[in-house]
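Residues per chain are reported as follows:
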Amino acid sequence: MQPTETSPLQSAQLLRTPLFNISNTEFLDPASRGALSYRRAKAIALAHELDISDIRDLTPKFWDLNADPITAFDGAATTLLSIQYNLVLGTLSMYLSEREDLRSIVDDLLKYRLIGQFCLTELGHGLDIFHMKTTATMLDDGSFDLHTPTSSDAKFMPPTLPVLGIPCIAIVFARLIVNGEYRGNRPFLVSLNDGYSMGRGVSARQLPPRGGSKPVNHSLTSFDHVILPPTALLGSSSMPEAIHRDFMRSIFRISIGSLALAGPSIPALCLSSNIAALYSIRRHVTGMDGVTSVPIISFSTQKKPVLSTLSLSYVLRTFYKKCVSIFMTESDPRVRRGVAACAKAVIILRSQACQVELSERCGAQGLFEYNQMSCFFSEVRGISIAEGDILGLSIRLVADIIMGKYELPPAADASSLLAKHEAALISECREAMLSQSDSADMNAAFNKHVLPSCQKIVEAIGHRIAYEAAIEAQLPQYVIDLFVANVIRADPSWFLDTRMLSRRDIAEMELRGVEQAMPNLEALVNGLGVRAYITSPIVSDGAWEVFQRKLPLVGGDELGGWVNQEAVSFSGSAARAYL
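Residues numbered from 1 in each chain as written. Predicted model: local features only at pLDDT ≥ 70, side-chain atom pairs only at ≥ 80, totals over all residues. Heavy atoms only, no water.

Some remarks on the pairing of strand β5 (residues 168-178)
Of all 11 residues that make up β5, 10 are buried, and the element is covered over most of its length. One ladder, built from 5 bridges, connects strand β1 (residues 115-119) with β5; its direction is parallel. Bridging from a neighbouring strand, Gln 117 pairs with Ala 170 of β5. Inspection of the sheet shows strand β2 (residues 135-138) paired to β5 by 3 bridges, in the parallel sense. Bridged to Thr 137 within β5 is Ile 177. One ladder, built from 10 bridges, connects β5 with strand β6 (residues 181-193); its direction is antiparallel. Bridge pairing in β6 places Ile 171 opposite Leu 189. What sits between β5 and β6 in their antiparallel hairpin is a turn of 2 residues, with Asn 179 showing a positive phi close to 55°. (Buried < 20%, exposed > 50% of the residue type's maximum accessible area, 1.4 Å probe, protein only. Helix = DSSP H or I, 4+ residues; strand = E, 2+ residues; numbered from the N terminus. Pairing = 2+ DSSP bridges.)

Below is the structure:
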């Protein structure tokens, strides 16, 4: 059985528009590139035509948006879109039935007549979001005084600076104080700027670019006694029955984001594996005889990573669909969070390891942003932290599983290698905890023995689910074998210690998969259906020739006397005409 070729998605049509078809955007200044990403986010959103019910109810249209290959085309646009559609609109959808006045705001956000931001994390508190310090004190007339006590309490990361003349609002989380009583952390709808200047009492300091990724105007945002109307509070001002549970409910879109944001990492991997495969076929070197020219894909050091990553791309696609299915059918929010954590850990960490290897196998070309791969790595690195740091999510999940609070879906085949690996890691941690006599010993044991293993356990659970999803999807056996070999190769110690496999067994498993996959290389590449989204010029001689002729030329005319003046002046008005 061979992978079947998929048709390019409708979003590929956007790539032919001036907004997405600008050459050499790397030469633009960060502000211009940032503005371009905002416009692209809007274009992607409008192309998918989601309404608020799609976002609220998590319909297939919502998940399709997050798995669209165009999300890998511009990571900054994807970041902005995820904030606006999942976090902001998703949160507002909770209150629409009681707040009809929010309807016009929701419509403006859907059409990008408003920009929406989500201000939760604070600089000095990081993942300890429950202990935020920003306050919203109710005044006698029912309005609220929103205030940032110290510089370390500034909201960290949301891009809140004015851009494109579009007004910006934010859902800002703050400690609600009523008559001197703390009533939990609550969301407030706050106007930040009018698209040109910050609102009164609202200040933002732009952070330097993250480096390696498409720039987003990340900021530190503070509030100096900003007076908000009574309608700014989303929800009731009364004391909740359980403050922490109420807070977790108000930020439940983050767990959705953990799963949704893993989606763009998969098309990024599909694109990188395509680029590396096509480059490896095109690139030739002189053979051992000193005469024959051979493609570098013929070398095992090239074909192994290329074929392994192509196979992984197929498995992660089925895994993502499986996790979405479990997420949508499971009623226990803890299980939903757990599945999202497994999906994020496996998709992000497996794809990141492959991104590095593929980039290295393309030599110096793998370093340049125009070849997409290095940029994919940096974008996905940001995703690994956004909407829940992988390690933090893993610690919480494993702690709950070890203590028996709930279970994730059990293995369909407990005899499989990956199922045995998962069960053994969990069992080892449980034994370490059960051997302790009191709570102090248990805390020490958890810190020593469980914490270092949390991420590996979550990965192991995810690997097993991914394996089962690949079997259910009836992927070719060589694809499944290469996936299993890739997983084992990343952490072979347990399989060797238990003598389930020898080093030779692992090597033979991978070799068999590579030998069976190699004749299907073209089918594997075409079956991913992402060729339309590739802008890297190293995939063909023709693409490289066009790219090279557009590069700014300084000095002589060794290429025949022509000078591409448009390319030379690209960083000027020619590029900004689109912005």
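Some remarks on the side chain of Gln 352
Here Gln 352 lies in helix α10 (residues 333-361). Classification of Gln 352 by relative accessible area gives buried; the value is 10%. The residues touching Gln 352, leaving out its near neighbours within four places in the chain, are Phe 376, Phe 377, Val 380 and Arg 381. (Contact = heavy atoms within 4.5 Å.)

Some thoughts on the sheet that holds strand β4 (residues 155-157)
Overall, antiparallel pairing links the 3 strands, which are arranged β4-β8-β7 in an open sheet. The strands lining the two open edges of the sheet, one partner per strand, are β4 and β7 (202-206). Put simply, the sheet's adjacent strands are angled 15° from each other on average, direction ignored. Inspection of the sheet shows β4 paired to strand β8 (residues 219-223) by 3 bridges, in the antiparallel sense. What sits directly across from Phe 156, in β8, is Leu 220. (Axes fitted to C-alpha atoms, helices over the stretch in contact; angles between N-to-C directions.)

Some details on the nonpolar core
In this structure, Trp 63, Tyr 85 and Phe 188 are the most contacted members of the largest nonpolar core, which totals 179 residues. Beyond its immediate stretch of four places on either side in the chain, Phe 188 contacts Ala 136, Phe 144, Ala 170, Ile 171, Val 172, Ala 174, Leu 176, Leu 228, Ala 232 and Leu 233. (Core = buried A, V, L, I, M, F, W, Y, C linked by side-chain atoms within 4.5 Å.)

Regarding helix α12 (residues 390-402)
A rise of 1.5 Å per residue sets the reference length of α12, with its 13 residues, at 18 Å; its end C-alpha atoms lie 18 Å apart and thus fit the reference within 8%. If you check which residues of α12 are buried, you get Ile 390, Ser 394, Leu 397, Val 398, Asp 400, Ile 401 and Ile 402. One side-chain oxygen of the residue at the start of α12 lies 3.1 Å from the amide nitrogen of Leu 391, identifying that residue as Asp 389. Backbone geometry just downstream of α12 places Gly 404 in the positive-phi region, at approximately 75°. (Expected span 1.5 Å × (residues − 1). Polar contact = N/O pair within 3.5 Å; in protein donor to acceptor, adjacent residues only side chain to side chain.)

Here we look at the pattern of salt bridges
Per the counting criterion, the structure on display carries 19 salt bridges. The salt bridge involving Asp 101 is made with Arg 99; its shortest N-O contact spans 2.9 Å. On the basis of relative accessible area, Asp 101 is assigned to the partly exposed category, the value being 43%. The partner of Arg 464 in a salt bridge is Glu 422, with the nearest N and O atoms 2.7 Å apart. Here Arg 464 is found in helix α15 (residues 454-472), whereas its partner Glu 422 is found in helix α13 (residues 417-434), with 42 residues between them in sequence. Residue classification places Glu 422 among the buried residues on the basis of a relative accessible area of 11%. (Salt bridge = Lys/Arg side-chain N within 4 Å of Asp/Glu carboxyl O.)

A word on the confidence of the model for the protein chain
When pLDDT is averaged along the protein chain, the result is 90, and 93% of the positions lie at 70 or above. Counting contacts from residues 1-8, a segment whose pLDDT is below 50, to residues more than four positions away or on other chains yields 20 contacts. Below pLDDT 50 for its whole length, residues 560-578 participates in 28 contacts with residues either more than four positions away or in separate chains. (pLDDT = per-residue confidence, 0-100.)

Quick word on the packing of aromatic side chains
Per the counting criterion, the structure on display carries 12 aromatic pairs. Residues Phe 130 and Phe 247 carry aromatic rings whose centres are separated by 5.7 Å and whose planes lie at 55° to one another, so their mutual orientation is tilted. Residue Phe 130 is found in the loop between β1 and β2, and its partner Phe 247 is found in helix α6 (residues 243-250); the two are separated by 117 residues along the sequence. The exposure classification of Phe 130 matches that of Phe 247, with both residues buried. Here Tyr 370 and Trp 544 contribute two aromatic rings whose centre-to-centre distance is 6.2 Å and whose plane-to-plane angle is 50°, an arrangement assigned as tilted. Residue Tyr 370 is found in the loop between α10 and α11 (373-385), and its partner Trp 544 is found in helix α20 (residues 541-550); the two are separated by 174 residues along the sequence. Of the two residues, Tyr 370 and Trp 544, neither departs from the other in class, the shared state being buried. (Phe/Tyr/Trp six-rings, centres within 6.5 Å; stacked < 30°, edge-to-face > 60°.)

Topic: a nonpolar patch on the surface
Judged by side-chain polarity, Leu 123, Phe 156 and Met 157 come together as a nonpolar surface patch covering roughly 220 Å² of accessible area. Checked against the element boundaries, Leu 123 lands in the loop between β1 and β2. (Patch = residues over 30% accessible without salt bridge, like charges linked within 9 Å, V, L, I, M, F, W, Y side chains within 5 Å. Areas by Shrake-Rupley, 256 points an atom, 1.4 Å probe, with all protein chains shown as cover.)

Examining the packing of helix α4 (residues 75-92) against helix α7 (residues 253-260)
Axis separation between α4 and α7 bottoms out at 9 Å; the angle between their running directions is 145°. Crossing geometry of α4 relative to α7 is assigned as right-handed. Between α4 and α7, the residues in contact are Asn 86, Leu 87, Gly 90 and Thr 91 and Arg 253, Ile 254, Ile 256 and Gly 257, respectively. (Left-handed = near helix turned anticlockwise from the far one by under 90°.)

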